Amino acid sequence: MASERQWWPVAASDEVVPRHVFQATLLDRPLAVWRADDGTLNVWEDRCLHRGVRLTLGTNDGAELICRYHGWRYASGTAGCTYIPAHPADAPAQTIHNRIFPVREAFGLVWSAAEAPAGEPSRFDPAATLVLRPMPVAAAPADVAAALGAEIGAAPAGLHLAAADGTAEYFIQAAGAGRSIIRGLAVPEGAALAQLARHNAALSGLRDAIEATAPPVAISTAPALAPAPPGYDPGAPGEAGRATPLRLRVAERTTVADGIVQFRLTPVSGQLPTAQPGAHIDLALPGGITRQYSLLNGPGETAHYAIAVKRDPASRGGSAALHDRVRVGDVLAASRPHNSFPLRRDAVATRFVAGGIGLTPLVAMARALARAGAPFAFHHFVRTEGELAFRKTLAALGPYTPHVGHAPAAAEAALNTVLAAPETPQNLYLCGPPAMLDAARRIAAANGWPEARVHFEYFANEMPATRAGAFTVALARSALTVPVREGETILAALRGAGVPVESSCEQGACGTCVVRVLEGMPLHQDVCLSAAEREDHIATCVSRASSARLVLDL
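Residues numbered from 1 in each chain as written. Predicted model: local features only at pLDDT ≥ 70, side-chain atom pairs only at ≥ 80, totals over all residues. Heavy atoms only, no water.

## Describing helix H4 (residues 360–372)
Next, step 1: For H4, spanning 13 residues, the distance from its first C-alpha to its last is 19 Å, which sits close to the expected 18 Å at 1.5 Å a residue.
Next, step 2: When H4 is considered as a whole, its buried residues turn out to be Thr 360, Pro 361, Leu 362, Val 363, Ala 364, Met 365, Ala 366, Ala 368 and Leu 369.
Next, step 3: Immediately beyond the C-terminal end of H4, within one or two residues, lies Gly 373, with a positive phi of roughly 75°. (Helix = DSSP H or I, 4+ residues; strand = E, 2+ residues; numbered from the N terminus. Expected span 1.5 Å × (residues − 1). Buried < 20%, exposed > 50% of the residue type's maximum accessible area, 1.4 Å probe, protein only.)

## Here's the deal with the packing of aromatic side chains
Next, step 1: Going through the model one piece at a time under the given rule, you end up with ten aromatic pairs.
Next, step 2: Ring plane angle 90° and centroid distance 5.2 Å describe the contact between Trp 34 and Trp 44, whose orientation is recorded as edge-to-face. Taken together, the residues Trp 34 in strand E3 (residues 29–35) and Trp 44 in strand E4 (residues 41–45) connect sequence positions ten residues apart.
Next, step 3: The exposure class of Trp 44 is buried, given its relative accessible area of 1%.
Next, step 4: Geometrically, the ring pair formed by Phe 107 and Trp 111 is edge-to-face, given 6.0 Å between the ring centres and 90° between the ring planes.
Next, step 5: Classification of Phe 107 by relative accessible area gives partly exposed; the value is 28%.
Next, step 6: Linked through ring pairs, Phe 341, Phe 352, Phe 376, Phe 378, Tyr 400 and Tyr 429 together constitute an aromatic cluster.
Next, step 7: The residue whose ring lies beneath Arg 345 is Tyr 83, and the NZ or CZ to ring-centre distance is 4.5 Å.
Next, step 8: Sitting over the face of the ring of Phe 456, Arg 441 holds its NZ or CZ atom 3.8 Å from the ring centroid. (Phe/Tyr/Trp six-rings, centres within 6.5 Å; stacked < 30°, edge-to-face > 60°. Lys NZ or Arg CZ within 6 Å of the ring centre and 35° of its normal.)

## Structural notes on the sheet that holds strand E8 (residues 81–83)
Next, step 1: Reading across the sheet, the four strands line up as E5-E6-E7-E8 and stay open at both edges, with antiparallel pairing between neighbours. If you trace the sheet from one side to the other, it starts and ends with strand E5 (59–60) and E8, each paired once.
Next, step 2: By the bridge criterion, two bridges tie E5 to strand E6 (residues 64–66) in an arrangement that is antiparallel. Looking at E6, one finds that Thr 59 is bridged to Ile 66. (Pairing = 2+ DSSP bridges.)

## Concerning the sheet that holds E4
Each strand in a sheet pairs with another by means of backbone hydrogen bonds, the pair being arranged parallel or else antiparallel.
Next, step 1: Read across the sheet, three strands follow the order E2-E3-E4 without closing on themselves; strand pairing throughout is antiparallel. Edge positions in the sheet fall to strand E2 (21–26) and E4, since each of these pairs with one other strand and no more. Averaged over neighbouring strand pairs, the angle between their axes works out to 30° when direction is ignored. (Axes fitted to C-alpha atoms, helices over the stretch in contact; angles between N-to-C directions.)

## Quick look at the packing of helix H1 (residues 141–152) against helix H2 (residues 192–213)
Next, step 1: Viewed as axis vectors pointing N to C, H1 and H2 meet at an angle of 130°, and their least axial separation amounts to 11 Å. Considering their axes alone, H1 and H2 lie oblique with respect to each other. H2 is crossed by H1, and the crossing has right-handed handedness. Across the interface between the two elements, Val 144, Ala 147, Leu 148 and Glu 151 of H1 pack against Leu 203, Leu 206 and Ile 210 of H2. (Parallel < 35°, antiparallel > 145°, perpendicular 65-115°, else oblique. Left-handed = near helix turned anticlockwise from the far one by under 90°. Contact = heavy atoms within 4.5 Å.)

Here is the structure:
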C-alpha cells in the first residue's frame, strides 16, 4: 500500500521552526527536515556523509546545516558540502553531496516522498485547514488505516481518509513497517483549542485501541539508508577540459556601480551545483568566447548564480558581450563552479583587500564569514567613488573601508597601512589587477605576513610566456609517457593522449589545471601558485619544463 513515489506528510509546518532541525521518518528512512532563513524547506537523509552522525543533532544556521561531530557544512537547497574544517585550505569536492528528497509545503503540512512522485499533494476537503496534533501509533499503516476508517466512517481509500461527516480528513504517515503517524486536518468549528483537544482525545483513544489489538510487527532498528537511486546527480563529476554543461537563463541584470552590472542567472532546468565562497564559473558568451567570472553568492543562495561584470574599455569581447549583447531571458552555457581560491575559516580574523571589480570573490567570502560570526575587515581600492560596488552590502556585513582615487604612490602607502602585520594570526585574501596584487604581495611579505596565510587571485596572467622546447611528461598513476612538442602546452598534450584534466581560464591565472609534480624541474609561467606551491605543483595550461622530463601525479 505504501508507495515510494507517493507524497506523504512528514511534519506539520509549525513543527519546522526557524534555526532548528526536525527529525522525521518515512518508510523507515530517517529524515532531517529544516527551513532556511529565506524560507527554503529541506528534507534530507538524516546522516552526515563523514561519519554517519545524525544531522538532526546538528546546527541550522539559517543557510547551512552543520554536523555537530566534525563541523561539515551543507548548503540549503542542494545539500552540497561547502566546508570541511579538517581541510580548511581545500574546497570540498562537489561529489560530497547529501541525499535530498522531494519536498512540498501545503495545507499546513510538509510533504515528501522516497522517490520522485507524480503530481502534487492533494486532499479531499479544502475547508479542512486546522492542523491536528500528530498521533504516533505502534502499528502497521494498513492496520491503522482500517481502524481509523471504521471509526470515522470513511470508505477504504488507501492511507488518505475523509470523515463521513465532512469534519476532518486524515493521512497515515508510513513511518515504517510497524510505525505510523496519523496526521489530520479538520474543518474549523469555533474555539480552535477546544476542537484540538477533542480530536486529540479521540485519536488517543483510537491509538490505544489499535495498539491493544494490532498484530505484533517486527520493527527494524536499522535505518533504511539506501544508495542514491540511478540518475541521482551528486552535483559535479568533474568534467575534463572547459566543459559547459549548465544552461543558465539571465533572470535579472542590475547596474550596481559605474560601468558594473550584476547578472542573476537561474537554471533552465534542474538544480545548480553547490558553489563555495571564492568559486568561479566559465561562461560561454556571444561571439564564441568563454570567460571566467567569480560568484557573489552567499551561504544558502543556491537557486541562482550571481556575477558582477565591469565594462572594460579594452575588452577583448567578454565584458563587452555581457554588457552590450546579453539581455534578460537569454540563455548562456556555463561550467560547473571551479574553486581554486577557497576560503579558510580557521584563523582568528581575516583581512580582505580588493582592487576594483576584484572584490567579487571576496564579497562571497565576507558573506560566509559574516554568517558564521567570524571577524574580518574589508578594504576596497577604486579609482572613483562611483566604482564602489556593493558598498552598502559590505558595510552591513562588517568593518568596511573604501580607498578612493589613490595615485600609485599613495596606493602603496595605503596598502602598507592596511597590510600592517597582525598581532594575532590572520588570513589575508587579495584579488584585483596584476599590478596591485604584485604590490600587495610584496608589501605583505615585507611586513611579515607568512606566505601560507596570503591567498590571492589574479584577473589575468600578464607574465611573458614561452612555448619553446620539447620535453616529456610521465604520468605516475596512469603509467603513460606523453611527449610535449614545442609550441604545445602540457594540457593540450595530455588531452591529446586521452588524459582528462579539468581547466578553466587556460592562461595560468585560476589554478584549475594545477597538478602535482613528483620529479623534474618545472618552468613556471603562471600567476596562481605561491612560491611554496611551486616547489611541487605546476599549472599545466601555461608552464613547461626546464628538465627533459617531468613526472606528474596523474
